[in-house]
Every structure is written in C-alpha cells, then in structure tokens.
Amino acid sequence: MIEIYKPENTEYSMNGDMTLNPTECMLTMNLNGAWSVSMTHPADDKLEYLTENTVICGETPVGKKQLFRIRNITKNDSSVTCTAYPIFFDSKNDCFLFDVRPTEKNGQETLDIMLASNEKYSASSDIKAVNTSYYIQKNFMEALNGDDENSFTSRWGGEISYDNFTVTVKFQKINKEWKITNNETLINALTGGYLEYQY
C-alpha cells in the first residue's frame with residue numbers, strides 16, 4: 001500500500017491524506033549511491049495529490065513505513081509519472097555544516113558532531129576506526145557521501161542505509177540484513193550493490 005501526504009502535512013506517524021493505486025512503483029537502491037522510487041499512477045481523481053514536494057510512504061526492505069519526497073513529475077492524458085527520493089535527502093537543503101571538525105573520532109562520534117546543530121536528523125554507525133576530517137560550507141549529504149576526500153565515507157568508509165530521518169553507516173554490508181517479509185517482489189538480489197524492489 002502506498003500512501004501520500006500533502007506538503008503541509010508532516011504528521012507522518014498518522015495515516016496519509018490518501019491511498020494511491022499506482023500501476024507501477026519501483027524502488028531502486030544503489031549501495032552508497034542514489035535511492036529513488038519511480039511511480040506511475042492513472043490520471044484519476046487522485047491526480048491533484050500528485051504534486052512536487054508531496055511525500056509518499058510505503059514498505060521497503062529497510063522498514064514498513066518509509067517516506068519519499070516527490071521531486072520530478074511528468075503528466076499526460078492518461079497517467080502521471082514521478083520520481084521520489086528518501087526524505088532524508090531533504091538534508092541537502094536544511095542541514096548545513098559551516099565549520100565542523102571531528103578530530104580523532106570514531107564513526108558514531110563523528111556523525112554526532114556533524115548533526116549536533118540539527119535536531120531533525122539522526123545517525124548511527126558501528127565503525128570503530130578513528131579518523132579526522134574538516135567540513136566547511138557543506139550540506140550534510142555532501143559531507144556524508146560526497147566526492148570530496150573529506151567526506152565521511154572517504155575517511156571512515158562504511159555502507160549507507162536511509163530510514164526516514166535516520167541514516168545508518170555500517171562497517172559490514174547492510175544488504176545481508178535486507179529481507180522480504182510480504183508479497184512484494186524482489187526483482188534483483190543485491191548484486192554489485194544494486195537492488196530493485198517492486199510494489
């Protein structure tokens with residue numbers, strides 16, 4: 001089941017404003033890369049809910065109620081196609097590191113320092129390696145997994161998983177923990193860090 005929340009509705013612990021009936025809905029997860037949902041929905045009476053910045057919610061291998069924000073929409077006479085990204089990706093726009101310098105810290109200590117000024121997001125890591133990095137004028141997503149040599153994954157390594165407003169960076173491969181527990185179809189077992197999940 002896919003639910004949708006209007007942009008102004010942030011009561012995500014409650015049911016959404018509407019239940020959707022997409023003809024196609026596919027989640028693609030690239031390990032330490034892009035995560036996205038591609039969805040096609042009929043142009044019916046629910047069309048007014050399918051706008052940019054609305055949030056859709058569904059089950060994934062990470063959890064039962066996972067939030068994705070719609071960013072790109074294409075409409076025609078019969079259907080609407082949209083792409084949505086994990087709601088944690090909002091941190092590109094509202095979580096900034098102006099001058100943050102974790103020094104000789106392990107993974108969890110570093111993430112705590114990186115997010116110390118922002119109460120919206122949280123992070124966990126089991127990485128015990130100690131390292132140092134400087135983040136100047138970066139958004140959190142850049143600091144976490146950007147191309148810069150100072151990014152968290154460049155310095156500490158690890159594999160990233162998004163769970164709504166929490167990011168997890170584990171030393172061991174996260175894909176070993178992903179399980180399918182209902183009737184959704186696992187299209188591709190995670191091979192080479194790539195997984196598709198069809199609703």
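The structure under discussion appears in the preceding block.
The model shown is predicted, which means the values in this text are computed figures rather than measured ones.

Before going further, it helps to examine the state of the cysteines. Enumeration according to the criterion identifies zero disulfides in this entry. Counting only cysteine sulfurs, Cys82 is the nearest neighbor of Cys25, a cysteine outside any disulfide, at a range of 7.8 Å. Judged by relative accessible area, which is 2%, Cys25 ranks as buried.

Attention now goes to the sheet that holds strand β12 (residues 166-170). Strand order in this open sheet of three strands is β9-β12-β11, and the pairing throughout is mixed. Every interior strand has two partners, whereas the edge strands, β9 (122-125) and β11 (159-163), have only one. The sheet shows a mean angle of 20 degrees between the axes of neighbouring strands, taken without regard to direction. As judged from the four bridges shared by β9 and β12, these two strands associate in the parallel manner. For Ala123, the partnering residue across the bridge sits in β12 and is Val167.

Next up on the list: the environment of Glu3. Tracing the sequence through the fold places Glu3 in strand β1 (residues 2-5). Take Glu3: its relative accessible area is 9%, and that puts it in the buried class. The sequence separation of Glu3 and Gly58 amounts to 55 residues, and the corresponding C-alpha distance is 6.7 Å. Discounting residues that sit within four places of it in the chain, Glu3 has contacts with Asn15, Gly16, Met18, Thr19, Val55, Ile56, Cys57 and Lys65.

Side chains Ile2 and Ile4 of β1 all project onto a buried face; the interleaved residues Glu3 and Tyr5 project onto the opposite face, where all are buried too. Strand direction decides the pairing type here: β1 and strand β2 (residues 18-20), joined by three bridges, are antiparallel. Looking at the pairing, Ile4 lines up with Met18 of β2. Pairing of β1 with strand β5 (residues 55-58) involves three bridges; the strand directions are antiparallel.

Tallied over the full model, the rule gives 11 aromatic pairs. Measuring from ring centre to ring centre gives 5.2 Å for Tyr5 and Tyr12, while their planes differ by 80 degrees; the resulting arrangement is edge-to-face. Just as Tyr5 is buried, Tyr12 falls in that class too. Pairing Tyr121 with Phe165 gives two aromatic rings, centres 6.1 Å apart and planes at 40 degrees, and the pair type is tilted. Here Tyr121 is found in the loop between α2 (107-114) and β9, whereas its partner Phe165 is found in the loop between β11 and β12, with 44 residues between them in sequence. Exposure remark for Phe165: the relative accessible area of 22% places this residue in the partly exposed category. Put simply, the rings of Tyr5, Tyr12, Trp35, Tyr85, Phe88, Phe89, Tyr121, Phe140, Tyr162 and Phe165 touch in pairs and so form one group of aromatic residues. The ring of Tyr134 carries the charged tip of Arg101 above its face, separated from the ring centre by 4.9 Å.

The rules behind these values
Along every chain, residues carry numbers that run from 1 in the direction the sequence is written. pLDDT decides what is reported in this predicted model: residues at 70 or higher carry local features, side-chain atom pairs at 80 or more are listed and counted, and totals for whole chains, interfaces and linings draw on all residues regardless. Each side-chain value is derived from all of the structure's non-hydrogen atoms; neither hydrogens nor water enter the calculation. The definition used for a disulfide is geometric: two cysteine sulfur atoms within 2.5 Å. A 1.4 Å probe rolled over the protein chains alone gives each residue an accessible area, and that area as a share of the maximum for its type sets the label: buried under 20%, exposed over 50%, partly exposed in between. When DSSP finds at least two bridges between two strands, those strands are taken to pair. Helix and strand assignments follow DSSP, with helices taken as H or I runs no shorter than four residues and strands as E runs no shorter than two, numbered in order from the N terminus. Between N-to-C directions, angles cover 0 to 180 degrees, with each direction set by a line fitted to C-alpha atoms, over the stretch in contact for helices. When checking whether two residues touch, look at their non-hydrogen atoms; a contact exists if any pair is within 4.5 Å. Between 30 and 60 degrees the pair is tilted, below 30 it is stacked and above 60 it is edge-to-face, where a pair is any two Phe, Tyr or Trp rings, Trp via its six-membered ring, whose centres lie within 6.5 Å. Here, a charge over a ring means that NZ of Lys or CZ of Arg falls within 6 Å of the ring centre while also lying within 35 degrees of the ring normal.

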